[in-house]
Amino acid sequence: MEHVNLRMGRISYINASPVYYGLDHGLAPAWLTLVTDVPAALNRQIIDGSVDLSPISAAHYAMNHNSLLLLPDLSISCHGPVMSVLCASNIPLDELAGKTVMLTKESATAASFMKMIFAQRGVTPKYVTGDVGNSDQIPSDVDAVLVIGDAALTQPWDQRFPYCFDLGEIWHDMTQMPFVFAVWAVRKEVAAAHPKTVTRALELLWASRKSGYDHLDAVIAAGQAKLGLPASLVATYYQHLFCDMDAPKIQAMTRFFDILYRKKILTSPVNISFFQPK
């Protein structure tokens, strides 16, 4: 029997809370250490080896698919509006050519997604990257901003900007497909060296997610307490989110990666590979 400790990333936003509910309520074994951070930080940590497996931006997986394997049946995805990935703008999207669009530093997928949407529309804004956690602190010369996660839910973006576009809804209008924002991945070298331990970690994530959906009222209450939002809004948010990875989501992710490659946002095509439980 393998005896190895694993470091598992955990997204700090409430979008991943259903998946981690069980681990937070008694399922986490002593050999598993949870590391909580924003997606961009977890993206870096899985590449430099600070974490062994983690939720990461789907686009970051695409950029590093040669060194990572996806964990099966796990994602953060939507089928239509997602509520927590927004482009807030002073003007319509098609009028942003040459205008300043500020991208969040916190997610590679959202930034790539935003660039892809503009590329599909033939619009070329001027991109800058910054801190978009507070709607009151966006510089006045920024024409549009990409905001994700808890800040998208809690800040009054529709009061600061006259237009708010939900990127999940834009993708669904374009394709009629779901969209995968985040995936769970494991470093290939860790999977090769410790396949049984990675399998145990995967089974724990599945069991933890089941516990989360079995106790969704508690998950909603925790999200309400963290963000100070009405329980009804948090409940609606979780109705829009999916944490599985079925065939339609794999197909949609493949299409997203193909478009990113065609638009030269990715430098090479992506071969999606999954970890095979042992």
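For the structure itself, consult the block above.
Scoring rules and cut-offs
Residues numbered from 1 in each chain as written. Predicted model: local features only at pLDDT ≥ 70, side-chain atom pairs only at ≥ 80, totals over all residues. Heavy atoms only, no water. Axes fitted to C-alpha atoms, helices over the stretch in contact; angles between N-to-C directions. Helix = DSSP H or I, 4+ residues; strand = E, 2+ residues; numbered from the N terminus. Parallel < 35°, antiparallel > 145°, perpendicular 65-115°, else oblique. Left-handed = near helix turned anticlockwise from the far one by under 90°. Contact = heavy atoms within 4.5 Å. Nonpolar A, V, L, I, M, F, W, Y, C, P; charged D, E, K, R; others polar. Buried < 20%, exposed > 50% of the residue type's maximum accessible area, 1.4 Å probe, protein only. Pairing = 2+ DSSP bridges. 1 Å grid on protein atoms, 1.4 Å probe; cavity = no way out; pocket = protein on both sides within 12 Å on 5 of 7 lines; lining within 4 Å. Points joined across faces, edges and corners; volume = space filled by probe spheres on them.

Student: Run through the packing of helix H4 (residues 108-121) against helix H7 (residues 167-175), naming residues and quoting values.
Tutor: At a minimum axis distance of 11 Å, the contact between H4 and H7 shows a crossing angle of 45°. Here H4 lies oblique to H7, going by the angle between them. Helix-helix and strand crossings are classified by hand; for H4 and H7 the assignment is left-handed. Taken together, the residues of H7 that come into contact with H4 (itself represented by Ala110, Phe113, Met114, Met116, Ile117 and Gln120) are Leu167, Ile170, Trp171 and Met174. For the contact of H4 with H7, the residue count by class is nine nonpolar, one polar and no charged.

Student: Any details on unusual backbone geometry? Residues and values, ideally.
Tutor: For residues besides glycine, phi is generally negative; the peptide bonds are generally trans as well. Positive phi outside glycine occurs at Met83, with the angle close to 75°. Residue placement: Met83 occurs in the loop between strand E4 (68-78) and strand E5 (85-89). Even without being a glycine, Lys264 presents a positive backbone phi close to 65°. Here Lys264 lies in the segment after helix H12 (247-262). Taking the relative accessible area as the measure of exposure, Lys264 reaches 73% and is therefore exposed.

Student: Give a description of the sheet that holds strand E7 (residues 126-130) that names residues and reports values.
Tutor: Read from one edge to the other, the open sheet built from five strands follows the order E7-E6-E8-E5-E9, with strand pairing classed as mixed. Taken across any chain shown, the strands that pair with only one partner, and hence form the sheet edges, are E7 and strand E9 (163-166). Going from strand to strand, the sheet's axes swing by 25° on average, the running direction of each strand aside. Against the sheet, H7 engages E5, strand E8 (144-148) and E9, with an angle of about 60° to E9.

Student: For the layout of surface pockets, give the residues involved together with the corresponding values.
Tutor: What the largest pocket holds in volume is close to 290 Å³. Lining of the largest pocket is provided by 18 residues; of these, Arg10, Ser17, Tyr20, Asp24 and Ala222 occupy positions nearest its centre. If you list the elements that add at least two residues to the lining of the largest pocket, you get strand E1 (6-11), helix H1 (17-27) and helix H10 (216-227). Across the lining of the largest pocket, the residue classes break down as ten nonpolar, five polar and three charged.

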